[in-house]
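What follows is the residue order along each chain.
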Amino acid sequence: VLNGPDREVGLKAFEVGAQLHEIGEMEEAVKYLNKSLNLNDKFYFSWLELGVIFLKAGELNKAEETLKTAENLGKHEMIYFHLGVLYGIKKDYNKAIEYFKQAVELNDKNADTFFNLALTCMNLGKKEEAGKMLEKAKFLNPLYNQYNLE
């Protein structure tokens, strides 16, 4: 773990990278996140942020590699959530469910996770479980009331 000025520079690089990602400046975001990781390659939030960028860009192999690195370095619901999304896109639904359930273990108040669990269960033909997950998503976020399982 870094201390002193390098730690501060690494955190600032992460923060700038995350903000650039937020406004859609992906190339610049990647540069800052890599700078953060050059200073501290154990900082899993930078790995997570990079993984999300690669996932959004459709670079699934890079996304998987960076998200798995984040997973090996720390536990965070968003690591598991995005790995669930990744494996859902890859149609590895059983693995996606595993990761979404790990996300729920860390935060059972995230409606998006329950909604994605519902969709993934439907893809496996687990309609009853999908219905339960959708109801939890609707309870946590009324915006999901517009969705049904038909």
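Since the model is a prediction, treat every value here as computed from it, not as a measurement. (Residues numbered from 1 in each chain as written. Predicted model: local features only at pLDDT ≥ 70, side-chain atom pairs only at ≥ 80, totals over all residues. Heavy atoms only, no water.)

Digging into helix α3 (residues 44–56)
Now for step 1: Counted at 1.5 Å a residue, the expected span for α3 with its 13 residues is 18 Å, and the 18 Å between its end C-alpha atoms agrees.
Now for step 2: Counting buried positions along α3 yields 11 of 13 residues, so the element is predominantly enclosed.
Now for step 3: When we look at burial in α3, the residues that qualify are Y44, S46, W47, L48, E49, L50, G51, V52, I53, F54 and L55.
Now for step 4: Positive backbone phi, at 80 degrees, marks G58, one or two positions downstream of α3. (Helix = DSSP H or I, 4+ residues; strand = E, 2+ residues; numbered from the N terminus. Expected span 1.5 Å × (residues − 1). Buried < 20%, exposed > 50% of the residue type's maximum accessible area, 1.4 Å probe, protein only.)

Comments concerning the environment of D41
Now for step 1: Structurally, the position occupied by D41 is in the loop between α2 (26–39) and α3.
Now for step 2: Sequence separation between D41 and I23 is 18 residues, and the spatial gap between their C-alpha atoms is 24 Å.
Now for step 3: Sequence-distant contacts of D41, that is, excluding residues within four places in its chain, are made with W47 and L73. (Contact = heavy atoms within 4.5 Å.)

Observations concerning the packing of aromatic side chains
Now for step 1: The full count for this structure, using the stated rule, is 10 aromatic pairs.
Now for step 2: When the centroid spacing of 4.5 Å and the interplanar angle of 25 degrees are considered together, the rings of F115 and Y144 count as stacked. With F115 in helix α7 (residues 111–123) and Y144 in the segment after α8 (127–140), the pair connects residues that are 29 residues apart, well separated along the chain.
Now for step 3: Accessibility expressed as a relative area gives 12% for Y144, which makes it buried. (Phe/Tyr/Trp six-rings, centres within 6.5 Å; stacked < 30°, edge-to-face > 60°.)

Focus on unusual backbone geometry
Now for step 1: Unusually for a residue other than glycine, K91 sits at a positive phi of about 65 degrees.
Now for step 2: As for its placement among the helices and strands, K91 is situated in the loop between α5 (77–89) and α6 (93–106).

A short note on the packing of α3 against helix α4 (residues 60–73)
Now for step 1: Relative orientation of the contacting elements α3 and α4 amounts to 160 degrees, with a least axis distance of 8 Å. Relative to α4, α3 is oriented roughly antiparallel. Note on packing geometry: the crossing formed by α3 with α4 is left-handed. Along the contact surface, α3 presents Y44, W47, L48, L50, G51, V52, F54 and L55, while α4 presents L60, K62, A63, T66, L67, T69, A70 and L73.
Now for step 2: Residue composition of the contact of α3 with α4, grouped by class: 12 nonpolar, three polar and one charged. (Axes fitted to C-alpha atoms, helices over the stretch in contact; angles between N-to-C directions. Parallel < 35°, antiparallel > 145°, perpendicular 65-115°, else oblique. Left-handed = near helix turned anticlockwise from the far one by under 90°. Nonpolar A, V, L, I, M, F, W, Y, C, P; charged D, E, K, R; others polar.)

Some points on the side chain of E77
Now for step 1: Mapping E77 onto the fold places it in helix α5.
Now for step 2: For the buried E77, which has no salt bridge, the nearest side chain bearing the opposite charge is K109, at an N-O separation of 11 Å.
Now for step 3: A polar side-chain atom of E77 sits 3.2 Å from a polar atom in the side chain of N110.
Now for step 4: Apart from residues lying up to four places away in sequence, E77 is in contact with A103, L106, N107 and N110. (Lys, Arg positive; Asp, Glu negative; His and termini not counted. Salt bridge = Lys/Arg side-chain N within 4 Å of Asp/Glu carboxyl O. Polar contact = N/O pair within 3.5 Å; in protein donor to acceptor, adjacent residues only side chain to side chain.)

A short note on α5
Now for step 1: With 13 residues, α5 extends 18 Å between its outermost C-alpha atoms, agreeing within 8% with the 18 Å of an ideal straight helix rising 1.5 Å per residue.
Now for step 2: The buried fraction of α5 is high, at 10 of 13 residues.
Now for step 3: In this structure, the buried side of α5 is in contact with α3, α4, α6 and α7.
Now for step 4: Of the residues flanking the end of α5, it is K91, one or two places downstream, whose phi is positive at about 65 degrees.

Note that all results are geometric; they support no functional claim without further evidence.
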